[in-house]
Protein chains: 4
Amino acid sequence: MNFASDNWWGVAPKIMDAISSENNGSSPAYGGDDRTAKAKSRLSEVFECECEVFFVSTGGAANGLALSVLSPPYGMIVCHEDSHIQMDECGGPEFFSSGAKLLPIRGDHGKLTATGVIKALDGFPHRPPHGAPASALSLTQGTETGTIYSIDEISELCAVAHARGLSVHMDGARFANAVAATGAAPAELSWRAGVDVLCFGGTKNGCLAAEAIIFFKRELAGDVEFRRKRAGHLWSKMRFIAAQFDAYLDREYWLELAGHANFMAKTLSDGLAQIDGVNVLFETEINEVFVSFPNGVAEKLRNDGATFYPWVTPGVSRDACAQRLITSFQTSQSDVEKFLDHVQTQCNKP
Amino acid sequence: MNFASDNWWGVAPKIMDAISSENNGSSPAYGGDDRTAKAKSRLSEVFECECEVFFVSTGGAANGLALSVLSPPYGMIVCHEDSHIQMDECGGPEFFSSGAKLLPIRGDHGKLTATGVIKALDGFPHRPPHGAPASALSLTQGTETGTIYSIDEISELCAVAHARGLSVHMDGARFANAVAATGAAPAELSWRAGVDVLCFGGTKNGCLAAEAIIFFKRELAGDVEFRRKRAGHLWSKMRFIAAQFDAYLDREYWLELAGHANFMAKTLSDGLAQIDGVNVLFETEINEVFVSFPNGVAEKLRNDGATFYPWVTPGVSRDACAQRLITSFQTSQSDVEKFLDHVQTQCNKP
Amino acid sequence: MNFASDNWWGVAPKIMDAISSENNGSSPAYGGDDRTAKAKSRLSEVFECECEVFFVSTGGAANGLALSVLSPPYGMIVCHEDSHIQMDECGGPEFFSSGAKLLPIRGDHGKLTATGVIKALDGFPHRPPHGAPASALSLTQGTETGTIYSIDEISELCAVAHARGLSVHMDGARFANAVAATGAAPAELSWRAGVDVLCFGGTKNGCLAAEAIIFFKRELAGDVEFRRKRAGHLWSKMRFIAAQFDAYLDREYWLELAGHANFMAKTLSDGLAQIDGVNVLFETEINEVFVSFPNGVAEKLRNDGATFYPWVTPGVSRDACAQRLITSFQTSQSDVEKFLDHVQTQCNKP
Amino acid sequence: MNFASDNWWGVAPKIMDAISSENNGSSPAYGGDDRTAKAKSRLSEVFECECEVFFVSTGGAANGLALSVLSPPYGMIVCHEDSHIQMDECGGPEFFSSGAKLLPIRGDHGKLTATGVIKALDGFPHRPPHGAPASALSLTQGTETGTIYSIDEISELCAVAHARGLSVHMDGARFANAVAATGAAPAELSWRAGVDVLCFGGTKNGCLAAEAIIFFKRELAGDVEFRRKRAGHLWSKMRFIAAQFDAYLDREYWLELAGHANFMAKTLSDGLAQIDGVNVLFETEINEVFVSFPNGVAEKLRNDGATFYPWVTPGVSRDACAQRLITSFQTSQSDVEKFLDHVQTQCNKP
């Protein structure tokens, strides 16, 4: 009954096989190898775009590096107040950008709205060089509360951003889950809707440590090659990240993995919604379920052996009892059912 | 009819005299001179405290340097969303601290409240090393909307901060105005209420370019000496900043200057409040008046030769017509009256 | 005939097995797992010391993070002019430390000497806050020219550093090769000789991507936990780095791998030394051979299918024809012999 | 007998008058005033060039800001090992640039040579993204050892730099002294010879605190406006820096001041050269004299009331007894003569 995080789980079998089978003889270091070229080529196919791709091993590195080329060191990056870059990276974007400012703003359902972004930006009129100029908008897809931006929502947000000279970054740590859930083409959920750079996650969805920074316009990549190197994020044995992506993208394996995680979350969410006293806080669109248990129940479930974290958010309407349950490519139906039984039991107790 | 900013005005006569009279022969550079020692000693007297003082020439430098020793590069600094460090320094604190994050929060009357700070911090539970740890609370006295924190308010805020391990920084660009307005002892409005470091402004109140970073606990000063040097803020001819402070503090000249500015603002505010259609937005406690004119009036007043800026704020309840009027040590009664006449006239026009 | 770099090669079999076998079920993320604890414990045993260990995936990250806690942002780090941190990390230490200065100094055989360091430091007398204060000494073991610091040399250098208040960092990307070559205890080549923090490399010697920052005094680790996180170097699936180290250190596998690489280098070096016209530039003590071929021969060997890089160094006595040949844990005797035959042949040609 | 530094002296009379007379009424802040426009215009005239000018109050700020737009954060700046940016700014360029690396190189007479720079750069072949790419060459005119680069020397150095894609920065803290000494047109000693940006000093030559960053090609100025602001170097009362430059440049006052300082240094140097046992170390071309006294004499002179510093340099051929004597616009003939008498007396003593 482990719903702690998708990153507590291991590596999907075909991806581990790819790593092992890549281990033959020597190959040029630092990404000069064939496997890296192949993995990049696969991404271009999947996204229907001649994009510029940089592989790194963590999502924090991907986000930080991407933002460091979208924003000058004195720029301002608009993001949701719940976003990973604001809440969970210990000042990573500030570090990679040498000082850019994050402007956290509220938004229901874990999502920014065009109206909300406009209102926020209106508070920062152009006054060079006094105010930190707004330089980028960062969206998270799927969001930190398990919801999904629709194509229209992304398009509208990107239009607002571009009209004011901001670039658009998408934190896609769970982009796979959003694609699997919506069935939309990856291109539709990203560059065709206006996204400039996507940090496309693999690690949370069955890779060992593999993230891709995808610049949909090559010129936007700027000097990220140098920035990745000096940040210690250029792997010498790059082919072992590439091999992960190669297997991940092969025959839609990534969607299969994400689809399973999503399905488990939906099952979990539907089950929880039917239990008296349990309150599902957001629509469960990907592999995250946010839920409020009756007082004391969360603790009892943990005593029963279940693993999950309380939900941390700066949001005003935060429910002190809110819990976050995450499913993964390896979460089993039986585990979900077992957990639901426990919840039912604990909620029925006096 | 110039109400643009207190920093549009020049240098108070006695301060300019002090600069001129300091100009005799040679003296040790970089603050090793007698005048610097004397100015520091005056500050210790005024603040009734053996404090550690560092002189710089701008408020941005003072704030940035002070915060850079209160916060690690991955720390989080809590501030009002209207604060100068958030809105007007082009990412200065982020630069000086090598990446600290500012957390802008709302608060009525331009002020933070203990409740508001607690609520904000509750959204950031201690999760090392994931979240940027809250490291400092920054208060502005007088505030960006012309109000004043009472001693009790400061004490309560400092108690909250210290209880959670945050240091307290006070941006005192207009600290003189707050002291002049309240009659409180400088110590009462700062360290006795819990403030750890005060950026004590001179420039906005009649100095040429003179700000003092005052660490009330010597050990908090840390390595600011090195940080000031590498930031290019250690003057070789330091005695010319010291001379300004020496004259500024002599016989309460600083309070005389600030008192005049405050009185002009009060006169202006009272006059405006009596004009139909004009709405004074905040209580006028120091030398800043925030006002909403009827549609089109602000433009007409500018055409009449008045100078003032629209009010820039990220706040939700922002009035699009809001204007900011600032008085200075040199603002004349006749100028205020002339302006009030113009406002009366323009508001009466159809 | 691939002598390009040790990082062109793959993963040693037992290490790959450990990665695969670690892939079972779920485990706490971010290093809270048992395998991470076990790997750290192994390092404590190997180094006979209750050390503080942080795992990362690249050597650049390890060096940058280690130095960022040894040096303030305005500090100065003394290093050899050939060192990896100076020549090959694209400003990594400067990035991680938010601006520390590297002072590259010369030294024969790729090594710094106590005399050389003293002479260099004497040019930087203590003048706070004007000069950047010397904060750390960085040594590379084995060196960038394939040589090894003796225990006495390290002790003497550390004594000089400590006497002047500098901490000592050791870049141990090829520390394994030095241990294998000398037979000295790891503790003797590091903390017992005075080293404060060792970046202990795995990647160049058969790991996939695994480096350990080892602080021999726990208090020196400072806030590196936060710095690693914000730099995107805290792996969520940390156990897959830990598994590498666990296997690497098991039954001296790391020394077996390094010993083979060293032996191949020695074989190569000895063979080359006997060929007329070939000049071996440094004593071959680990797995690097530096050699000067007669004019045109390097190009011919490359045409024959051999892979190796010209030697890049800022040193004054640089030989334009100098080449660097690196062997690895997978380099075969037959490959070395084949290469020697080619060299013999090409050198004999008119 | 004060030869400690030119920055121990005060403000030249006409410059102090300009500051006082600027003190009338109000003026737009942050450089929007007429005096700032006038001072910029004077610089364009003096340099015969439509340049882009930014005023700051210290030389360290000028150098740091200028270099921060010439070099990316991972770039490498080539400079003399004695240069102020390397030795005396506590890591300022590294701070302003967010991490650029300085490459200090040797050169006789305090000067870099084209040959020396070529040799240094040859040790850093283009290997993106591994090595920090060389981005700028920094020259100091007059040098830290009191010598002057000839127009030909500057031209040759700039040609080398530009051929390799480096921009050229000139630290002109004592540029006035070089112009006064050579009689060359300012343009000849700067942009016509290839210099891209000059940090033109006023403070050491009679200003209170006034330095100008002069970009000779407007497009090179980049975002320095934002960088100056966030570094706290945009003065609100900018006109008081502008007034200094206005007076400084009026009727060649700057050359008059520098000429006097140079003449005093020459007088001092010539006098010292005739005293047995005293060794003048460099040709005295500007206002700095480097000299080696017999053992113990320097101490005796200090006891006699003379003030001067030992010479600090990382150079190999450093003479432990070397002293630095600096003259200023206010140094008197009688003081020089008095000092020479003391030296004569002390050197004659047994």
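Conventions used here
Every chain begins its residue count from 1, and numbering advances along the sequence as written. Lettering of chains starts at A and numbering of ligands starts at 1, both following the order in which they are written. Only residues with pLDDT of at least 70 get local features here, since the model is predicted, and only at 80 or more are side-chain atom pairs given and counted; chain-wide, interface and lining totals rely on the full set of residues. Each helix is a run of DSSP H or I of at least 4 residues and each strand a run of E of at least 2, with the numbering of both proceeding from the N terminus. All radius of gyration figures rest on C-alpha atoms, and the globule criterion is 2.2 Å times the number of residues raised to 0.38. Note on contacts: residues are paired as contacts if their backbone-placed C-beta atoms lie within 7 Å. For the least-squares superposition of copies, only C-alpha atoms count, and only for residues with pLDDT at least 70 in both. Under the convention adopted here, Pro, Cys and the residues Ala, Val, Leu, Ile, Met, Phe, Trp and Tyr are nonpolar, Asp, Glu, Lys and Arg are charged, and Gly plus all remaining residues are polar. What a helix is expected to span follows from its residue count: subtract one and scale by 1.5 Å. Using C-beta atoms placed from the backbone, we call a residue buried if 20 or more other C-beta atoms fall within 10 Å of its own, exposed if 12 or fewer do, and partly exposed for counts in between. Arc, as used here, means the arc of the directions from the helix axis to the C-beta atoms. Joining buried Ala, Val, Leu, Ile, Met, Phe, Trp, Tyr and Cys residues through C-beta atoms within 7 Å gives a set, and that set is a nonpolar core. All domain edges in this entry derive from an automatic or database-based domain assignment. For two strands to pair, DSSP has to find at least two bridges joining them. Axes here refer to lines fitted to C-alpha atoms; in helices the fit is confined to the stretch in contact. Angles between the N-to-C directions go from 0 to 180 degrees. Handedness of a crossover is defined as follows: orient the strands so they point away from the viewer, and if the path from the first strand over the helix to the second runs clockwise, the crossover is right-handed. By definition, turning the near helix anticlockwise from the far helix through less than a right angle yields a left-handed crossing, and turning it clockwise yields a right-handed one. pLDDT is a residue-level measure of predictor confidence that goes from 0 to 100.

As a further point, take the overall build of chain A. Counting its regular elements, chain A contains 13 helices and 11 strands. The C-alpha atoms of chain A give 20 Å as radius of gyration, which agrees with the globular expectation for 350 residues (20 Å, within 12%). When contacts within chain A are restricted to residue pairs at least 6 apart in sequence, long-range pairs at least 24 apart make up 79% of them.

Moving on, we come to the relation of the copies chain B and chain C. Note on the chain copies: they are related by a rotation about an axis and a translation along it. Overlay of chain B on chain C (RMSD 0.0 Å): rotation 180 degrees, translation along the axis 0.0 Å. When the rotation and shift are considered jointly, the pair of chain copies conforms to a two-fold rotation axis. Residue B:S98 of chain B places its C-alpha closer to the rotation axis than any other residue of that unit, at 3.2 Å. Most of the interface of chain B is mirrored in chain C, where 100% of its interface residues are also at the interface.

In many reports, interface size means the accessible area that the parts give up when they come together. Counting residues at the interface gives 39 residues for chain C and 39 residues for chain A. Of all elements in the fold, only helix 1 (13-22), helix 3 (59-70), helix 5 (92-96) and helix 9 (224-230) of chain C reach the threshold of two or more residues within the side of chain C that touches chain A. A breakdown of the residues in the side of chain C that touches chain A according to their chemical character gives 15 nonpolar, 20 polar and 4 charged.

This part covers the interface of chain B and chain C. In this assembly, 13 residues from chain B lie in contact with 13 residues from chain C. When its residues are assigned to classes, the side of chain B that touches chain C shows 7 nonpolar, 2 polar and 4 charged.

This brings us to helix 7 (residues 151-163) of chain A. The periodicity of an α-helix, 3.6 residues per turn, causes residues three or four places apart in sequence to face the same way. Residues and elements named next belong to chain A. Here helix 7 is 13 residues long and its end C-alpha atoms lie 18 Å apart, about the 18 Å a rise of 1.5 Å per residue gives. Taken together, the buried positions of helix 7 are I154, L157, C158, V160 and A161. One face of helix 7 carries all of its buried residues, which in axial projection span an arc of 160 degrees. When the buried face of helix 7 is taken as reference, the exposed residues oriented beyond 90 degrees from it are D152 and A163. Contacts from the buried residues of helix 7 go to helix 6 (114-122), strand 4 (134-140) and strand 5 (167-172). Downstream of helix 7 by a residue or two, G165 has a phi angle that is positive, lying close to 85 degrees.

Looking now at helix 10 (residues 239-249) of chain B. Of all 11 residues making up helix 10 of chain B, 11 are buried, and the element is well covered by its neighbours. All of the buried residues along helix 10 of chain B are B:R239, B:F240, B:I241, B:A242, B:A243, B:Q244, B:F245, B:D246, B:A247, B:Y248 and B:L249.

The next subject is the nonpolar core. Judged by nonpolar contacts, the single largest core of 510 residues is most densely connected at A:I213, B:I213, C:I213 and D:I213. Not counting chain neighbours up to four residues away, the residues in contact with C:I213 comprise C:V53, C:F54, C:V56, C:A62, C:L65, C:A66, C:V197, C:C199 and C:V224.

Moving on, we get to the domain arrangement of chain A. Residues and elements named next belong to chain A. Segmentation of chain A into domains returns domain 1 (12-252) and domain 2 (254-348). In this structure, domain 1 and domain 2 have C-alpha centres spaced 27 Å apart. With 24 residues of domain 1 in contact, the opposing surface of domain 2 contributes 22 residues. Of the residues assigned to the side of domain 1 that touches domain 2, the class counts are 10 nonpolar, 9 polar and 5 charged.

Residues and elements named next belong to chain A. Along strand 2 (residues 76-80), 5 of the 5 residues are buried, which leaves the element largely enclosed by surrounding structure. Burial of the side chains of strand 2 extends over both faces: M76, V78 and H80 are buried on one face and I77 and C79 on the other. Direction of pairing for strand 2 relative to strand 4: parallel, over a ladder of 3 bridges. If you follow V78 over to strand 4, its bridge partner there is L137. Pairing of strand 2 with strand 3 (residues 101-105), which is carried by 5 bridges, proceeds in the parallel orientation. Bridging across to strand 3, I77 finds its partner in L102.

This paragraph deals with the sheet that holds strand 5 of chain A. All names here are of chain A. Strand order in the open sheet made by the 7 strands is 1-7-6-5-4-2-3, with mixed pairing throughout. Unpaired on one side and paired on the other, strand 1 (52-56) and strand 3 mark the two borders of the sheet. In this sheet, neighbouring strand axes are inclined to one another by 20 degrees on average, regardless of whether the strands run parallel or antiparallel. In this fold helix 6 packs onto strand 2, strand 3 and strand 4, with an angle of close to 130 degrees to the strand it touches most, strand 3.

So, about the relation of the copies chain C and chain A. Once turned by 180 degrees and shifted 0.0 Å along the axis, chain C lies on chain A with an RMSD of 0.0 Å. A symmetric contact is evident, with 100% of the interface residues of chain C recurring at the interface of chain A.

Residue and element names in this part refer to chain A. Counting buried positions along strand 5 yields 6 of 6 residues, so the element is predominantly enclosed. Relative to strand 5, strand 4 runs parallel, the two sharing 5 bridges. Each bridged residue has a counterpart across the sheet, and for S138 the counterpart in strand 5 is H169. As judged from the 4 bridges shared by strand 5 and strand 6 (residues 197-201), these two strands associate in the parallel manner. Counted as the bridge partner of H169 is V197 from strand 6. After leaving strand 5, the chain enters helix 8 (residues 175-182) and then returns to the sheet as strand 6, a path that is right-handed.

Below, the discussion takes up the packing of helix 2 (residues 34-46) of chain A against helix 10 (residues 239-249) of chain A. Residue and element names in this part refer to chain A. Contact geometry of helix 2 with helix 10 gives a least axis separation of 8 Å together with a crossing angle of 35 degrees. The two elements helix 2 and helix 10 cross, and the hand of that crossing is left-handed. In contact with R35, T36, K38, A39, R42 and V46 of helix 2, helix 10 contributes R239, A242, A243, F245, D246 and L249. Its residues placed into classes, the contact of helix 2 with helix 10 shows 6 nonpolar, 1 polar and 5 charged.

Looking at chain A as a whole, its pLDDT mean stands at 96, while 98% of the residues score no less than 70. For this predicted complex, the interface confidence score (ipTM) comes to 0.97, while the overall pTM stands at 0.97.

Residues and elements named next belong to chain C. Read across the open sheet, the 4 strands follow the order 8-9-11-10; overall the sheet is antiparallel. Strand pairing shows two members of the sheet lacking a second neighbour, strand 8 (279-280) and strand 10 (309-310), which therefore form its edges. Taken together, the 2 bridges between strand 10 and strand 11 (residues 322-326) define a ladder with antiparallel strand orientation. If you follow Y309 over to strand 11, its bridge partner there is R324. Its contacts with the sheet place helix 11 (residues 253-273) against strand 8, strand 9 (288-292) and strand 11, and it is angled at close to 15 degrees to strand 9.

Before going further, it helps to spend a moment on unusual backbone geometry. At the junction of B:Q141 and B:G142, the peptide bond is cis and its omega measures out at -20 degrees in the coordinates. Summarising the element assignment, B:G142 is placed in the loop between strand 4 (134-140) and helix 7 (151-163). The residue B:E252 is not glycine, and still its phi comes out positive at about 60 degrees. Topologically, B:E252 is positioned in the loop between helix 10 and helix 11 (253-273). Its 14 C-beta neighbours within 10 Å are what place B:E252 among the partly exposed residues. One non-glycine residue, D:C90, adopts positive backbone phi at about 50 degrees. Its place among the elements puts D:C90 in the loop between helix 4 (84-87) and helix 5 (92-96). Overall, the presence of 29 C-beta atoms within 10 Å leaves D:C90 in the buried class.

Residues and elements named next belong to chain C. Inspection of the secondary structure assignment puts I19 in helix 1. For I19, a count of 25 C-beta atoms within 10 Å translates into the label buried. When the C-alpha positions of I19 and L208 are compared, they lie 9.3 Å apart, and in sequence the two are 189 residues distant. Excluding residues within four positions of it along the chain, I19 makes contact with L208, F240, A243 and Q244.

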